[in-house]
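Notes for the structure review
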Amino acid sequence: LHYCKKSLVLAKELSLKERQQSCYALLSEIYENLGFYKTALENQKIATALNDSLFNTQKTRAIADMKERYETEKKEHENEKLRTEGRIKQAELSKKTAQNEKQQLFIITVSIVCFLVLILAIFFYRTIQQKKKANLLIKKQKNIIEKKNTEVMDSIYYAKHIQNAIMPPDNV
């Protein structure tokens with residue numbers, strides 16, 4: 001009895017509820033065996049209250065642990081969901097970036113082709129204009145040559161006519 005009471009005092013000082021509960025339960029048995037039923041009942045009630053308190057504390061702790069695990073799993077699930085969404089968005093962004101790059105490349109290619117076609121068109125236009133000028137110059141020169149040729153031929157016919165008039169024919 002003495003050691004059980006000493007143990008109870010130490011358990012109270014150290015706030016060891018489980019040890020206190022077992023001491024009260026043991027004291028209840030000791031007092032019951034000694035015939036102090038009222039004291040045994042009081043100690044049994046305290047032991048039961050401590051047991052209930054310990055049970056509630058354990059259950060509360062277990063519930064808190066379960067709640068914490070649930071919250072952790074929930075957060076992990078949300079994090080995984082966010083990572084998946086992030087990967088999907090990253091893939092979509094990469095796809096859009098690739099499409100934009102393709103569109104830019106297409107636009108640049110079309111622009112270069114249009115520029116080259118424009119340069120070729122200008123080149124052909126200038127070439128045609130130069131040919132027209134050259135043909136016009138050739139026609140003018142041809143007309144001048146034909147005029148000169150006609151004048152020369154007219155002069156030759158006139159000179160021949162004068163020669164024939166001044167000089168008698170060889171048959172005479």
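The structure under discussion appears in the preceding block.
Note that the structure is predicted; figures quoted are calculated from it, not measured.

**Some remarks on the environment of Thr150**
Here Thr150 is to be found in helix H3 (residues 37–166). Residue Thr150 is classed as partly exposed on the basis of its relative accessible area of 44%. A distance of 2.6 Å separates a polar side-chain atom of Thr150 from the backbone oxygen of Glu146.

**Some thoughts on the side chain of Ser28**
Within the secondary structure layout, Ser28 lies in helix H2 (residues 17–34). If we ignore the near neighbours within four places in the chain, the residues touching Ser28 are Ala40, Asn43 and Gln44.

**Regarding the pattern of salt bridges**
Applying the stated criterion across every chain yields a total of three salt bridges. The salt bridge involving Glu80 is made with Arg87; its shortest N-O contact spans 3.4 Å. Classification of Glu80 as partly exposed rests on a relative accessible area of 35%. We note a salt bridge from Glu146 to Lys142, for which the minimum N-O separation is 3.9 Å. You can see Glu146 and its partner Lys142 sitting in helix H3, four residues apart, about one turn around the helix. The partly exposed category is assigned to Glu146, whose relative accessible area is 40%. Classification of Lys142 by relative accessible area gives partly exposed; the value is 48%.

**With respect to a nonpolar patch on the surface**
On the surface, Ile108, Ile112, Phe115, Leu116 and Ile119 cluster together into a nonpolar patch covering about 480 Å² of accessible area. Among the secondary structure elements, Leu116 is positioned in helix H3.

**With respect to the packing of helix H1 (residues 2–13) against H2**
It is at 9 Å that the axes of H1 and H2 come closest, and there the two elements cross at 155°. In terms of orientation, H1 and H2 fall into the roughly antiparallel class. When you trace H1 past H2, the crossing you get is left-handed. Across from Cys4, Lys5, Ser7, Leu8, Ala11 and Lys12 in H1, the residues of H2 making contact are Arg19, Gln20, Cys23, Tyr24, Leu26, Leu27, Ile30 and Tyr31.

**A look at H2**
Over its 18 residues, H2 extends 25 Å from the first C-alpha to the last, a length consistent with the 26 Å expected when each residue adds 1.5 Å. Immediately beyond the C-terminal end of H2, within one or two residues, lies Gly35, with a positive phi of roughly 95°.

Criteria and cut-off values
- Residues numbered from 1 in each chain as written.
- Predicted model: local features only at pLDDT ≥ 70, side-chain atom pairs only at ≥ 80, totals over all residues.
- Heavy atoms only, no water.
- Helix = DSSP H or I, 4+ residues; strand = E, 2+ residues; numbered from the N terminus.
- Buried < 20%, exposed > 50% of the residue type's maximum accessible area, 1.4 Å probe, protein only.
- Polar contact = N/O pair within 3.5 Å; in protein donor to acceptor, adjacent residues only side chain to side chain.
- Contact = heavy atoms within 4.5 Å.
- Salt bridge = Lys/Arg side-chain N within 4 Å of Asp/Glu carboxyl O.
- Patch = residues over 30% accessible without salt bridge, like charges linked within 9 Å, V, L, I, M, F, W, Y side chains within 5 Å.
- Areas by Shrake-Rupley, 256 points an atom, 1.4 Å probe, with all protein chains shown as cover.
- Axes fitted to C-alpha atoms, helices over the stretch in contact; angles between N-to-C directions.
- Parallel < 35°, antiparallel > 145°, perpendicular 65-115°, else oblique.
- Left-handed = near helix turned anticlockwise from the far one by under 90°.
- Expected span 1.5 Å × (residues − 1).

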